[in-house]
Amino acid sequence: MSETSPNEARRLAEGARERVNFEEEALALADQVYRVARGVSRSKEEAEDLMQETYARAFRSWQSYTPGTNLRAWLLRILTNLNIDRGRRAQRAPDQQPLEEGDYFLYNRLEAATGETEEERVLERLSQDHVAEALSAVPHDFRDVVVLVDIGDFSYADAAQILDVPIGTVMSRLHRGRRILKKELADVAVDSQ
Amino acid sequence: MTAVDPCDWCEEVLQPYLDRELTDAERQEAEAHLDGCKYCRKRYKFEEGLRRLVRQAAVEPMEPALKQRLSELRLEL
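Residues numbered from 1 in each chain as written. Chains lettered and ligands numbered in written order. Predicted model: local features only at pLDDT ≥ 70, side-chain atom pairs only at ≥ 80, totals over all residues.

## Observations regarding the overall build of chain B
And step 1. Scanning chain B for helices and strands turns up five helices and zero strands.
And step 2. Here chain B has a C-alpha radius of gyration of 21 Å; the compact-globule value for 77 residues is 11 Å, and the former is much larger.
And step 3. Counting only residues that meet the buried cut, chain B has 18% of its 77 residues in that class. (Helix = DSSP H or I, 4+ residues; strand = E, 2+ residues; numbered from the N terminus. Rg over C-alpha atoms; globule rule 2.2 N^0.38 Å. Buried ≥ 20, exposed ≤ 12 C-beta atoms within 10 Å, placed from the backbone.)

This is how it looks when you write it as structure tokens:
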């Protein structure tokens, strides 16, 4: 049996403690990470698989996390990379979709379709189901940014770091992603009036 | 003097306004316009409500069973 010196034992104990702290902090963020996972996935099952892969990888590579930095962003970077690796992006290039509607478009369309003229009443014509359905129709590159910024409440800079793209790309995808979301919302909500 | 229609300009800055990405001068210009323009004000309020709706659209909580499975992925000590 090999001897363990007191110093070595102390170092091992410290390492174990750091790891447990890391795991507990990561698990405490799971609800927030799940919101993003659910937003970027087509189904609950896909989101659950993605969460398990993300946490398995995070726990394995915990030593590459620098304590004191943004753990939520670190976890989401793993999650978005895994999501890209899954090859679920093999779809039409979203930049080629023709789309240039102004930002008042959805309101104007709903107002015209419903005859409502007060913004609260116009908004009531939209349900969470409409939003979920519209969001799932937004191409992934754009949806990821909308989910991180509008649901995950990340800054442009954090979203850029998580997705490993320049901040200008975050801004243009966000702009376009919100426009696409509104166009989809107009389609699902107006058609169901 | 700007040649752009003020409502068109206000529509263009709607997103950066709500993202708090406008400069102070731009924000003041937008707010001055919104004070006097019901057409744009309604659309701004609608957009704020829409943002809340989007935020809430993904709050379906995680299943407790998933949380348990995540916890089980922790490494053995």
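## With respect to the overall build of chain A
And step 1. From N to C terminus, chain A includes 10 helices and zero strands.
And step 2. Walking chain A from its N terminus toward its C terminus, one meets helices and strands in the order α-α-α-α-α-α-α-α-α-α.
And step 3. The globule rule puts the C-alpha radius of gyration for 193 residues at 16 Å, and the 21 Å found for chain A is more than 25% above it.
And step 4. Seen through its C-alpha atoms, chain A measures out along the principal axes to roughly 80 × 30 × 30 Å.
And step 5. Across the 193 residues of chain A, 35% fall into the buried class.

## Considerations on the nonpolar core
And step 1. In this structure, A:Val36, A:Ala37 and A:Met51 are the most contacted members of the largest nonpolar core, which totals 51 residues.
And step 2. The residues contacting A:Ala37, other than those within four sequence positions of it, are A:Ala47, A:Leu50, A:Met51 and A:Leu79. (Core = buried A, V, L, I, M, F, W, Y, C linked by C-beta atoms within 7 Å. Contact = placed C-beta atoms within 7 Å.)

## What about the interface of chain A and chain B?
And step 1. With 32 residues of chain A at the interface, the matching set in chain B holds 29 residues.
And step 2. Within the residue set of the side of chain A that touches chain B, elements represented by two or more residues are α1 (6-28), α2 (30-40), α3 (44-60), α6 (119-124), α7 (128-136), α8 (140-151) and α10 (167-191) of chain A.
And step 3. A per-class count over the side of chain A that touches chain B returns 17 nonpolar, five polar and 10 charged. (Nonpolar A, V, L, I, M, F, W, Y, C, P; charged D, E, K, R; others polar.)

## Structural notes on α7(A)
And step 1. What α7(A) keeps buried is the set A:His130, A:Val131, A:Ala134 and A:Leu135. Angularly, the buried residues of α7(A) cover 125° about the axis, an arc narrow enough to put them on a single face.
And step 2. Each element contacted by the buried residues of α7(A) is listed here: α2, α8 and α10 of chain A together with α4 (38-57) of chain B. (Arc of directions from axis to C-beta.)

## Observations regarding α1(A)
And step 1. For α1(A), built from 23 residues, the straight-helix expectation of 33 Å at 1.5 Å per residue is met to within 8% by its first-to-last C-alpha distance of 33 Å.
And step 2. For α1(A), the buried fraction is low: one of the 23 residues fall into the buried class. (Expected span 1.5 Å × (residues − 1).)

## So, the confidence of the model for chain A
For residues with low pLDDT, the predicted coordinates do not support detailed interpretation.
Residue and element names in this part refer to chain A.
And step 1. When pLDDT is averaged along chain A, the result is 86; 90% of the residues meet or exceed 70.
And step 2. Mean pLDDT values for the elements of chain A range from 85 in α7 up to 93 in α3.
And step 3. Confidence drops under a pLDDT of 50 for residues 90-95, and excluding neighbours within four residues, the segment shows four contacts in the predicted structure. (pLDDT = per-residue confidence, 0-100.)

## Considering the confidence of the model for chain B
And step 1. The pLDDT averaged across chain B works out to 89; a share of 92% of its residues lies at or above 70.
And step 2. Averaged pLDDT values over the elements of chain B bottom out at 91 in helix α2 (residues 14-18) of chain B and peak at 96 in helix α3 (residues 24-36) of chain B.

## With respect to unusual backbone geometry
And step 1. One non-glycine residue with positive phi stands out, namely A:Asp164, at about 60°.
And step 2. Mapping A:Asp164 onto the fold places it in the loop between α9 (156-163) and α10.
And step 3. Located in the positive-phi region is B:Arg20, a residue other than glycine, with phi close to 55°.
And step 4. Looking at the element boundaries, B:Arg20 is found in the loop between α2 and α3.

## A word on the packing of α2(A) against α8(A)
All names here are of chain A.
And step 1. Two elements in contact, α2 and α8, have axes separated by 9 Å at closest approach and are oriented at 150°. The orientation of α2 relative to α8 falls into the category roughly antiparallel. Here α2 runs over α8; the crossing is right-handed. In this structure, α2 uses Arg35, Val36, Gly39 and Val40 to contact α8, whose residues at the interface are His140, Arg143, Asp144, Val147, Leu148 and Ile151. (Axes fitted to C-alpha atoms, helices over the stretch in contact; angles between N-to-C directions. Parallel < 35°, antiparallel > 145°, perpendicular 65-115°, else oblique. Left-handed = near helix turned anticlockwise from the far one by under 90°.)

## Points about the packing of α8(A) against α9(A)
Residue and element names in this part refer to chain A.
And step 1. Their axes nearest at 10 Å, the elements α8 and α9 cross at an angle of 135°. One way to sum up the angle between α8 and α9 is to call them oblique. Crossing of α8 over α9 shows right-handed handedness. Residue-level contacts link Asp144, Val145, Leu148 and Val149 of α8 to Tyr156, Ala159, Ile162 and Leu163 of α9.
And step 2. Looking at the contact of α8 with α9, its residues break down into seven nonpolar, no polar and one charged.

## Notes on the environment of A:Arg72
Residues and elements named next belong to chain A.
And step 1. Among the structural elements, arginine 72 can be located in helix α4 (residues 71-85).
And step 2. Along the backbone, arginine 72 and isoleucine 162 are 90 residues apart, and their C-alpha atoms lie at a distance of 9.7 Å.
And step 3. In this structure, arginine 72 is in contact with Leu29, Gln32 and Val33, ignoring residues within four places of it in sequence.

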